[in-house]
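One letter stands for each residue in the lines below.
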2 protein chains.
Amino acid sequence: MNEYATRVPLEKAYRLINHGPTALVSARANGVENVMSAAWVCGLDFQPPKLTVVIDKIAKTRSLIEQSGVFVIQVPTAAQIALTHYLGTHTLAQEPDKLQRAGVELFSLPDVDAPLVTGCAAWLACRLIPEPHNQQQYDLFIGEVTAAWADSRVFQDGHWRFEQAPASLRSLHYVAGGQFYATGESLNLNIDS
Amino acid sequence: MNEYATRVPLEKAYRLINHGPTALVSARANGVENVMSAAWVCGLDFQPPKLTVVIDKIAKTRSLIEQSGVFVIQVPTAAQIALTHYLGTHTLAQEPDKLQRAGVELFSLPDVDAPLVTGCAAWLACRLIPEPHNQQQYDLFIGEVTAAWADSRVFQDGHWRFEQAPASLRSLHYVAGGQFYATGESLNLNIDS
């Protein structure tokens, strides 16, 4: 975390992923920590906030989540594009130093039993809501968001403010083959939130 | 549909929503047609392509999907921002002329038993995979994509090409309170797809 990380009220936490950014998923179990990328992260409910994430059976992070019941969804920035792609295309099972190679720096928080990735734009700590059929049949995991933080340079008063910050802090939207889009222009219908 | 609508191979269909755009969901049953907006649409599988969509119990479109087992996910453009917001904040149950007020123009395709919305950037025809527990407990619906099309001005050869087209054809990412982001700058790691 850094000096800009600010707590986001739970009722606004869905807004951190509502625009569909590509995410990083981190977890820890039995002393093993890992981080993977996931393009398929999505809001599921507002209050309490819930989200879905699709995690393939080959992912080491998946077994960590199944063991600990805890994970963190974080929103990486344009500055982390290479790290994000690396984490989505390499597996800890075959590359024990994956995190170092990707350039990941982790930090911990007292009430979160999963590692968090430094330099992201937002962090959502989640507890797994076990749904064995979804997990087995669809690789689909459901989490309840238990706490959330965002970088105050880009998220203030419940809204993203990317237009006030350097482009390197924009969130990412993955397509395929190493191509991403950055989050773009703010378009506002001027309706009260 | 229009002169630019081009068939997208099913194995590339996930790319139409992989970047997390806000979507329109359309369906038809017993002669009733409706369209709603949904920010919570997400990829679920590659082959056959599947997706998830969260649809509240108050949505009229939900009952149409439950009756017909068919729906279309479409990717609206920046030019359709007001239409998109209107469709997400008004219900056919209370406003029988909702679609006209929103400015929606529908079209049909022979093999799709749901209406499609003119002017979008992409269309994914889906058949519902019934999962009663997910639908009741989480408002979560799973669809298998049976056919897909995209506007060739913005999607070519399996990739979005927003940067080659007017900004009005960019896809949208909803935050809250009438605020959207357009899909932004293309960032490419130059890896073969």
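Here is a short report on the structure shown in this document. (Residues numbered from 1 in each chain as written. Chains lettered and ligands numbered in written order. Predicted model: local features only at pLDDT ≥ 70, side-chain atom pairs only at ≥ 80, totals over all residues. Heavy atoms only, no water.)

Here we come to the overall build of chain A. Scanning chain A from N- to C-terminus turns up 4 helices and 14 strands. The principal-axis extents of the C-alpha atoms in chain A amount to approximately 45 × 35 × 35 Å. For chain A, the proportion of contacts with a sequence separation of at least 24, taken over those separated by at least 6, is 66%. Carbon together with sulfur atoms contributes 48% to the accessible area of chain A, which is approximately 7500 Å² in total. A distance of 2 Å separates the average location of the 14 positive side-chain charges in chain A from that of its 19 negative side-chain charges. (Helix = DSSP H or I, 4+ residues; strand = E, 2+ residues; numbered from the N terminus. Contact = heavy atoms within 4.5 Å. Areas by Shrake-Rupley, 256 points an atom, 1.4 Å probe, with all protein chains shown as cover. Lys, Arg positive; Asp, Glu negative; His and termini not counted. Charge placed at Lys NZ, Arg CZ, Asp CG, Glu CD.)

What follows concerns the sheet that holds strand β14 (residues 179–188) of chain B. The antiparallel open sheet is built from 4 strands, whose spatial order is β13(A)-β14(A)-β14(B)-β13(B). Each end of this open sheet is capped by a strand with a single partner; those strands are β13 (172–176) of chain A together with β13 (172–176) of chain B. Taken over all neighbouring pairs, the strand axes of this sheet differ in orientation by 40 degrees on average, direction set aside. (Pairing = 2+ DSSP bridges. Axes fitted to C-alpha atoms, helices over the stretch in contact; angles between N-to-C directions.)

In screw terms, the move from chain A to chain B is a rotation of 180 degrees and a rise of 0.0 Å along the axis, fitting with an RMSD of 0.0 Å. The superposition of one copy onto the other is thereby described by a two-fold rotation axis. Here 100% of the interface residues in chain A have copies in chain B that are interface residues too; the copies meet face to matching face. (Least-squares fit on C-alpha atoms with pLDDT ≥ 70 in both.)

Right, let's talk about the nonpolar core for a bit. The biggest cluster of nonpolar side chains holds 110 residues, and the ones touching the most others in it are Trp160(A), Ile73(B) and Trp160(B). Look past the residues within four positions of Trp160(B) in its chain and what remains in contact with it is Val175(A), Gln179(A), Tyr181(A), Arg15(B), Leu16(B), His19(B), Val75(B), Ala121(B), Ala122(B), Val154(B) and Phe155(B). (Core = buried A, V, L, I, M, F, W, Y, C linked by side-chain atoms within 4.5 Å. Buried < 20%, exposed > 50% of the residue type's maximum accessible area, 1.4 Å probe, protein only.)

Taken together, the buried positions of helix α2 (residues 81–89) of chain A are Ile81(A), Leu83(A), Thr84(A), His85(A), Tyr86(A) and Leu87(A). As for α2(A), its buried residues are in contact with β2 (23–29), β3 (32–38), α3 (98–102), β13 and β14 (179–188) of chain A together with β14 of chain B.

Moving on, we come to empty space enclosed by the protein. Going through the model one piece at a time under the given rule, you end up with 2 cavities of 30 Å³ or more. Taken as a whole, the largest cavity encloses approximately 100 Å³ of empty space. Gly20(A), Val41(A), Gly20(B), Val41(B) and Cys42(B) are, among the 16 residues lining the largest cavity, the residues nearest its centre. Class assignment for the residues of the lining of the largest cavity results in 10 nonpolar, 6 polar and no charged. In this structure, the second largest cavity occupies an estimated 30 Å³ of space. Here the residues of the lining of the second largest cavity sort into 7 nonpolar, no polar and 1 charged. (1 Å grid on protein atoms, 1.4 Å probe; cavity = no way out; pocket = protein on both sides within 12 Å on 5 of 7 lines; lining within 4 Å. Points joined across faces, edges and corners; volume = space filled by probe spheres on them. Nonpolar A, V, L, I, M, F, W, Y, C, P; charged D, E, K, R; others polar.)

Nothing here speaks to function; it is geometry throughout.
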